[in-house]
Amino acid sequence: MNNAVTNIFYVYVYYDPRKTPTEPIYVGKGHDNRAVKHIKKSQNVFLNRKIAKIRKDGFEPVIKYELENLTEEQSFEKEKELIKLFGRRDLGTGTLCNFT
């Protein structure tokens, strides 16, 4: 199999630049322009509100591509690991707006 075709996924994190150090607010996985597209409009209401507050303060969320050249399976696993590491706001375990 051609790795150039199968290893097209990445894991990204949105950070709140108003915090020092920057605070992770969302972990996602995708390919192509998913990270940039998702920041424009998400089905996640809490993430949309957080991004709106950041923009209201004159900033843009920072997008960091944490891991690249992954298979889809690898990207799912790494996404789960980072969500567990940073913790979810809805569970009271961290700073992320992720639900799953």
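Refer to the structure above for everything that follows.
Residues numbered from 1 in each chain as written. Predicted model: local features only at pLDDT ≥ 70, side-chain atom pairs only at ≥ 80, totals over all residues. Heavy atoms only, no water.

### Things to note about the pairing of strand β1 (residues 9-16)
The following threshold applies: A simple rule labels every residue: compare its accessible area, found with a 1.4 Å probe on the protein chains alone, to the largest value its type can have, and call it buried under 20%, exposed over 50%, or partly exposed in between. Where helices and strands are cited, they refer to DSSP runs of H or I of at least four residues and of E of at least two residues respectively, numbered from the N terminus. At least two bridges found by DSSP between two strands are what make those strands a pair.
Across the eight residues that make up β1, a large majority, eight, are buried. What you see with β1 is no split at all: F9, V11, V13 and Y15 on one side and Y10, Y12, Y14 and D16 on the other are buried throughout. Relative to strand β2 (residues 23-30), β1 runs antiparallel, the two sharing seven bridges. Looking at β2, one finds that V13 is bridged to V27.

### A short note on the environment of K41
Relative to the elements of secondary structure, K41 occurs in the loop between α2 (34-40) and α3 (45-56). Note on K41: relative accessible area 65%, which makes it exposed. Taking the C-alpha atoms as reference points, K41 and D16, 25 residues apart in sequence, are found 16 Å from one another.

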